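What follows is each chain in one-letter form.
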Amino acid sequence: MGLFEHLRQEAAAAPESGIVAVMNHGRRQEDVIPLWAGEGDLPTPDFIRDAANNGLARGETFYTWQAGIPELRQALSDYYRRHFDAVLSAEHFYVTGSGMHAIQLAIQATAGAEDEVIYLSPAWPNFAAAAGVAGAIPVPVTQDFKGNGWTLDPEKIRNAITQRTKALFINTPSNPTGWTADVETLKEILAIARHHGLWIIADEIYAHFYYGARRAPSFLDVMEPDERIIFVNSFSKNWAMTGWRMGWLAIHPSLGQTMENLIQYSNSGVAQFMQRGGVVALEEGDNFIRMQVERARQARDMLCARLSATGKVRLSPPAGAFYLLFGIEGITDSYRAAFDIVDEAKVGLAPGTAFGDGGAAFLRLCFARRIDQVEVAAERLAEWIRNR
């Protein structure tokens, strides 16, 4: 018996990322346009890097506030007042070592061994995997693709709830589908959670990347102050800080000590000099966000037009986020197709199989990049599709 057999079952069962498998296959090939990962091509802006560098130069390399430095928690409070019209004190916010860390803490706080957590699929795979590693059982509710895009029937959520269900994970705008819940849908999901006494883990990381208004609808628009809702978020997307691994939680202050304890027993807090960058991102980064969203809008519109012109693609322009999940006529195994497209078209895509139920016949493309680069990728893909 090898060492693997002695691992904890939940850890051994953690799945390999189908996205990373394609990336590893193609990243050493020349001239591949890498649209497989969920990040843009812009480096972190200078004003954010300078703030972190200044903190480092001041010697801010010691243990610091586990919940986050007071300046950053206050900046988060101001940010939510400005963008969400939400009055949340600094005590609502807890700084984490990435959005993924925030999700792990939210799971730890709400669900454990044999508890069930419901999520919407196709889905970014990390939530379901993290729930499984924690010993919980992830339960997918599949969304449907129709001519006007991806849709959710809330009745499917009701039908998936059992006595073991503890939480609903709601990602809107969605990675990978771009589906974005309207206010009425959020109200209905919240009513379901209230009726069954469930937690909602609200992933609103892409709230600014919404192409119908200044931001996407939020549970903050429909909730009462003491709802069972934990918001998870990240600095990664809005401010081009994917490599910083810094995020946050927004929770009711009555849960604060528990959350701080969970931070203590996981990463014990985020480096203070990095948090200085977060403060400046929140305070001075609104124009950078607006520029990124407009850039993504232009890339989305061009990309959808070019692929639709082939007559062999199923797609609907996504309402939010910066991904296109699309199907190609005749392709049912997107995993194999993703490798072929890397080798033959020199475009890196993520296979829909990586996103679980309902995703197998689709491919995901991240269009948060320079318009000229997305245009070249669109032409390569269109040619590959036409020649099939």
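Summary of the structure given here. All values derive from a computational prediction rather than experimental measurement.

## Observations concerning the overall build of the protein chain
For step 1, the next point in the chain: Within the protein chain, the secondary structure is distributed over 13 helices and 15 strands.
For step 2, the next point in the chain: In terms of C-alpha radius of gyration, the protein chain reaches 21 Å, essentially the compact-globule figure of 21 Å for 388 residues.
For step 3, the next point in the chain: C-alpha extents for the protein chain along the principal axes are approximately 60 × 55 × 50 Å.
For step 4, the next point in the chain: Carbon together with sulfur atoms contributes 49% to the accessible area of the protein chain, which is approximately 16,700 Å² in total.
For step 5, the next point in the chain: In the protein chain, 36 positive and 45 negative side-chain charges are present, and the distance between their average locations comes to 2 Å.

## What about the nonpolar core?
In globular proteins that are soluble, nonpolar side chains generally tend to be buried together.
For step 1, the next point in the chain: If you look at the biggest cluster of nonpolar residues, it comprises 107 residues, and the most contacted ones within it are Ile 200, Phe 219, Trp 239, Phe 322, Phe 326 and Phe 367.
For step 2, the next point in the chain: Here this core gets eight residues from one element, more than from any other, and that element is helix H11 (residues 286-308).
For step 3, the next point in the chain: Excluding residues that lie within four positions of it along the chain, Trp 239 makes contacts with Thr 44, Pro 45, Ile 48, Tyr 79, Ser 234, Trp 248, Ala 281, Leu 282, Gly 285, Phe 288, Ile 289 and Gln 292.
For step 4, the next point in the chain: In this structure, Met 100, Ala 102, Ile 107 and Ile 263 belong to the second largest nonpolar core, which totals 27 residues.

## Let's talk about the pattern of salt bridges
For step 1, the next point in the chain: A full pass over the atoms with the stated rule returns 22 salt bridges.
For step 2, the next point in the chain: Here Arg 215 and Asp 221 are joined by a salt bridge, their closest N and O atoms 2.8 Å apart.
For step 3, the next point in the chain: Owing to a relative accessible area of 11%, Arg 215 belongs among the buried residues under this scheme.
For step 4, the next point in the chain: The exposure class of Asp 221 is partly exposed, given its relative accessible area of 37%.
For step 5, the next point in the chain: With a closest N to O distance of 3.5 Å, Arg 336 and Asp 340 form a salt bridge. Residue Arg 336 and its partner Asp 340 are located together in helix H12 (residues 334-345), separated by four residues, close to a single helical turn.

## Structural notes on the sheet that holds strand E4 (residues 137-142)
For step 1, the next point in the chain: With mixed pairing, the seven strands of this open sheet are ordered in space as E2-E10-E9-E8-E7-E3-E4. Where the open sheet ends on each side, the last strands, each with one partner, are strand E2 (93-96) and E4. Between one strand axis and the next, the sheet turns by 25° as a mean value, whatever way the strands run.
For step 2, the next point in the chain: Sheet analysis places strand E8 (residues 199-203) next to strand E9 (residues 229-234), joined by four bridges and oriented parallel. Residue pairing across strands places Ile 200 opposite Ile 229, the latter belonging to E9.
For step 3, the next point in the chain: The sheet strands contacting helix H5 (residues 99-110) are E2, strand E7 (165-171), E8, E9 and strand E10 (247-250), and the helix crosses E9 at an angle near 165°.

## Quick look at helix H6 (residues 125-133)
For step 1, the next point in the chain: Taken together, the buried positions of H6 are occupied by Phe 127, Ala 128, Ala 130 and Ala 131. When H6 is viewed along its axis, its buried side chains cluster within an angular range of 160° and face the same direction.
For step 2, the next point in the chain: Packed against the buried residues of H6 are H5, strand E3 (116-121), E4, E7 and E8.
For step 3, the next point in the chain: Taken from the residues just after H6, Gly 135 is the one with a positive phi, measuring 95°.

## Topic: the packing of helix H4 (residues 70-84) against helix H10 (residues 272-284)
For step 1, the next point in the chain: As a packed pair, H4 and H10 sit with axes 9 Å apart at the nearest point and diverge in direction by 20°. In terms of orientation, H4 lies roughly parallel with respect to H10. In this structure, H4 crosses over H10, and the sense of that crossing is left-handed. Within the contact between the two elements, H4 uses Glu 71, Leu 72, Ala 75, Leu 76, Tyr 79 and Arg 82 and H10 uses Gln 275, Arg 276, Gly 278, Val 279, Leu 282 and Glu 283.

## Details of the packing of aromatic side chains
For step 1, the next point in the chain: For the structure on display, the rule yields 20 aromatic pairs.
For step 2, the next point in the chain: Members of the aromatic cluster, connected to one another through ring pairs, are Tyr 79, Tyr 80, Phe 84, Phe 93, Phe 235, Trp 239 and Trp 248.
For step 3, the next point in the chain: A cation sits over an aromatic face here: Arg 73 above Tyr 94, 4.6 Å from the ring centre.

## Quick look at H4
For step 1, the next point in the chain: With 15 residues, H4 should cover 21 Å at 1.5 Å per step; its first-to-last C-alpha distance of 21 Å lies within 8% of that length.
For step 2, the next point in the chain: All of the buried residues along H4 are Leu 72, Arg 73, Ala 75, Leu 76, Ser 77, Tyr 79, Tyr 80, His 83 and Phe 84.
For step 3, the next point in the chain: On its buried face, H4 sits against E2, E9, E10, H10 and H11.
For step 4, the next point in the chain: Looking one or two residues past H4, Asp 85 carries a phi angle of roughly 55°, positive in sign.

## Here's the deal with the side chain of Glu 227
For step 1, the next point in the chain: Mapped onto the fold, Glu 227 is located in the loop between E8 and E9.
For step 2, the next point in the chain: At 2.3 Å, the side chain of Glu 227 and the side chain of Arg 194 are in polar contact.
For step 3, the next point in the chain: Not counting residues within four places of it along the chain, the set of residues in contact with Glu 227 comprises Leu 190 and Arg 194.

## Some remarks on the environment of Ala 130
For step 1, the next point in the chain: Among the structural elements, Ala 130 can be located in helix H6.
For step 2, the next point in the chain: Exposure remark for Ala 130: the relative accessible area of 13% places this residue in the buried category.
For step 3, the next point in the chain: Ignoring anything within four residues of it in the chain, the contact list for Ala 130 reads Met 100, Gln 104 and Ile 107.

## A word on the side chain of Ser 77
For step 1, the next point in the chain: Note on placement: Ser 77 falls in helix H4.
For step 2, the next point in the chain: By relative accessible area, Ser 77 is classed as buried at 5%.

## Points about the pairing of E7
For step 1, the next point in the chain: In terms of residue burial, E7 counts as a mostly covered element, since six of its seven residues are buried.
For step 2, the next point in the chain: Looking at chain direction, E3 and E7 are connected through four bridges and run parallel. Along E7, the bridge assignment pairs Ile 118 with Leu 168.
For step 3, the next point in the chain: Examined bridge by bridge, E7 and E8 share five bridges and lie parallel to one another. In the strand pairing of E8, Ala 167 is matched with Trp 199.
For step 4, the next point in the chain: Where the polypeptide runs from E7 across helix H8 (residues 183-196) and back to E8, its parallel neighbour, the crossover connection is right-handed.

Conventions we followed
- In every chain, residue numbers begin from 1 and rise along the written sequence.
- For this predicted model, a pLDDT threshold of at least 70 governs which residues receive local features, and a threshold of 80 or more governs which side-chain atom pairs are given and counted, while totals over whole chains, interfaces and linings are taken from all residues.
- Side-chain measures here rest on the full set of heavy atoms in the structure, leaving out hydrogens and waters.
- Helix and strand assignments come from DSSP, with helices taken as H or I runs of at least 4 residues and strands as E runs of at least 2, each series counted from the N terminus.
- Only C-alpha atoms enter the radius of gyration; for comparison, a globular chain is expected to reach 2.2 Å times N to the power 0.38, where N is the number of residues.
- Method for areas: the Shrake-Rupley scheme with a 1.4 Å probe, in which residue coverage is limited to the protein chains shown.
- The charged-residue count follows a simple rule in which Lys and Arg add positive charge and Asp and Glu add negative charge, with His and chain termini not counted at all.
- For the purpose of locating charges, the reference atoms are NZ of Lys, CZ of Arg, CG of Asp and CD of Glu.
- We define the nonpolar core as a collection of buried residues of types Ala, Val, Leu, Ile, Met, Phe, Trp, Tyr and Cys that are connected through side-chain atoms lying within 4.5 Å of one another.
- Between buried and exposed lies partly exposed: a residue is buried under 20% and exposed over 50% of the maximum accessible area for its type, with that area taken using a 1.4 Å probe on protein chains only.
- It only takes one pair of heavy atoms within 4.5 Å for two residues to be counted as in contact.
- Salt bridges are defined as contacts in which a side-chain nitrogen from Lys or Arg sits within 4 Å of a carboxyl oxygen from Asp or Glu.
- When DSSP finds two or more bridges between two strands, those strands count as paired.
- Between N-to-C directions, angles span 0 to 180 degrees; the directions come from axes that are lines fitted to C-alpha atoms, helices contributing only their stretch in contact.
- Arc definition: directions from the helix axis to the C-beta atoms.
- Roughly parallel refers to an angle under 35 degrees, roughly antiparallel to one over 145, roughly perpendicular to one between 65 and 115, and oblique to any angle outside these ranges.
- Crossings are classed by handedness, with left-handed meaning an anticlockwise turn of the near helix from the far one by less than a right angle and right-handed meaning a clockwise turn.
- Here a Phe, Tyr or Trp ring, Trp counted by its six-membered ring, pairs with any other such ring whose centre lies within 6.5 Å, and the pair is stacked when the planes are under 30 degrees apart, edge-to-face when over 60, and tilted otherwise.
- A ring has a charge above it when a Lys NZ or an Arg CZ is no more than 6 Å from the ring centre and no more than 35 degrees off the ring normal.
- Here a helix's expected span is defined as the number of its residues, less one, multiplied by 1.5 Å.
- Polar contacts here mean pairs of N or O atoms no more than 3.5 Å apart (in protein, one a potential hydrogen donor and the other a potential acceptor; neighbouring residues in sequence count only if both atoms are side-chain atoms).
- Assignment of crossover handedness uses the view with strands pointing away from the viewer, where a clockwise path from the first strand over the helix to the second indicates a right-handed crossover.

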